[in-house]
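Chain by chain, the residues:
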Amino acid sequence: MVQTIPAGIAKVLDRLHTEAAEDAGRWQARVGTTDPATLKAGGGDLVRLGEFYLAVTPDEGRLLHILARTKGAANVVEFGASYGLSSLYLAAALTGRGGRLTTTEVHPDKCAALRQTFDEAGVTDTVTLLEGDARETLADVEGPIDMLVLDGWKSMYLPVHDLLRPRLAPGCLIVADNIDHEAAADYLAFVRGPDSGMMTTVIGDLALSYVVQ
Ligand SMILES: C[S@@+](CC[C@H](N)C(=O)[O-])C[C@H]1O[C@@H](n2cnc3c(N)ncnc32)[C@H](O)[C@@H]1O
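Keep in mind that what you see is a predicted model, and the values were worked out from it rather than measured.

Take unusual backbone geometry next. In this structure, the amide linkage connecting G143 to the following residue, P144, adopts the cis form with an omega of -10 degrees. Of note, P144 is situated in the loop between helix 6 (134–137) and strand 4 (145–150). One non-glycine residue with positive phi stands out, namely L54, at about 50 degrees. Along the chain, L54 falls in the loop between helix 2 (36–40) and helix 3 (58–71). Not every positive phi belongs to a glycine, and N178 is a case in point at roughly 55 degrees. Here N178 lies in the loop between strand 5 (168–176) and helix 8 (185–192). Given a relative accessible area of 17%, N178 falls into the buried group.

Okay, here's the thing in structure tokens:
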């Protein structure tokens, strides 16, 4: 059988998906609603939602992996690692091919868990975790960046894009999750606008863009 995701990473992904599934009902209970429209309104609350997984689904994770692998991405940046599910799908596409992932997380407990998770999955040579607010930690990240994944708090998609824009390579692929959230509206308006220098399409709650030049 051809192996797509290395066994060490697949094992950790299984554990994280199980934990994320158990967690899913809890954060909706914390917010006090399961109504999709209410959940997508407003900016979300950094403190109340801080400890939850809020992770990509297995299909979304595989999509990230497929995109990174087929693009032959070498320098991938991720905004919002949480407990590392999306990071591991990306790392699996980069490891052993000289690619690297720089990911960011602001929640200290999640950062501690991420360090352990990346170690357990054997991806510490591929993944660099920047701990702290992405608007600061990503300031010095090296370009050219050929893939950018936006999955932190939605109101920060545009500021993080603006910070990184000078280092996005022509052809850079940008994947922005939960684009149907109200707080991501400014980012979506920008990437769809005539001055973005990007081609963008929205599929489900993902906005896929590439930088024309
Ligand atoms: C939706 S979750 C990310 C899920 C993750 N991509 C996955 O698939 O498992 C968003 C994460 O972004 C983090 N975050 C939010 N704002 C941030 C910031 N300014 N800098 C770094 N991380 C941030 C949150 O703490 C949270 O863990």
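Quick look at the sheet that holds strand 4 now. Strand order across the open sheet formed by seven strands is 3-2-1-4-5-7-6, with mixed pairing between neighbours. Where the open sheet ends on each side, the last strands, each with one partner, are strand 3 (127–131) and strand 6 (198–203). Within this sheet the neighbouring strands show an average axis-to-axis angle of 15 degrees, counted without direction. In terms of strand pairing, strand 1 (residues 75–79) meets strand 4 through four bridges, oriented parallel. Bridging across to strand 4, V77 finds its partner in L148. Contacting strand 2 (100–105) and strand 3, helix 5 (residues 108–121) runs over the sheet at an angle of about 170 degrees to strand 3.

Where helix 3 contacts helix 4 (residues 85–94), the two axes come as close as 8 Å, and the packing angle between them is 30 degrees. In terms of orientation, helix 3 and helix 4 fall into the roughly parallel class. Handedness of the helix 3/helix 4 crossing: right-handed. Contacts between helix 3 and helix 4 involve P58, G61, R62, L64, H65, A68 and R69 from the former and S86, Y89, L90, A92 and A93 from the latter. Along the lines of polarity and charge, the residues of the contact of helix 3 with helix 4 split into seven nonpolar, three polar and two charged.

A word on the packing of helix 7 (residues 157–164) against helix 8. At their nearest, the axes of helix 7 and helix 8 sit 7 Å apart, and the two run at 45 degrees to each other. Compared by their axis directions, helix 7 and helix 8 come out oblique. Contact residues: helix 7 offers Y157, L158 and H161, while helix 8 offers D186, Y187 and F190. A class-by-class count of the residues in the contact of helix 7 with helix 8 yields four nonpolar, one polar and one charged.

A separate point is the pattern of salt bridges. Enumeration according to the criterion identifies six salt bridges in this entry. A salt bridge links E131 to R115; the nearest nitrogen and oxygen atoms lie 2.5 Å apart. In this pair, E131 sits in strand 3 while R115 sits in helix 5, placing the two residues 16 residues apart along the sequence. Of the residues examined, R115 reaches a relative accessible area of 43% and is grouped as partly exposed. Close ionic contact of D133 with R135 constitutes a salt bridge, the shortest N to O distance being 2.6 Å.

With that settled, the discussion passes to a nonpolar patch on the surface. Nonpolar side chains collect at one region of the surface, where M199, Y210 and V212 lie side by side and expose about 290 Å² of accessible area between them. As for its placement among the helices and strands, M199 is situated in strand 6.

How each quantity is defined
Residues numbered from 1 in each chain as written. Predicted model: local features only at pLDDT ≥ 70, side-chain atom pairs only at ≥ 80, totals over all residues. Heavy atoms only, no water. Helix = DSSP H or I, 4+ residues; strand = E, 2+ residues; numbered from the N terminus. Buried < 20%, exposed > 50% of the residue type's maximum accessible area, 1.4 Å probe, protein only. Pairing = 2+ DSSP bridges. Axes fitted to C-alpha atoms, helices over the stretch in contact; angles between N-to-C directions. Contact = heavy atoms within 4.5 Å. Parallel < 35°, antiparallel > 145°, perpendicular 65-115°, else oblique. Left-handed = near helix turned anticlockwise from the far one by under 90°. Nonpolar A, V, L, I, M, F, W, Y, C, P; charged D, E, K, R; others polar. Salt bridge = Lys/Arg side-chain N within 4 Å of Asp/Glu carboxyl O. Patch = residues over 30% accessible without salt bridge, like charges linked within 9 Å, V, L, I, M, F, W, Y side chains within 5 Å. Areas by Shrake-Rupley, 256 points an atom, 1.4 Å probe, with all protein chains shown as cover.

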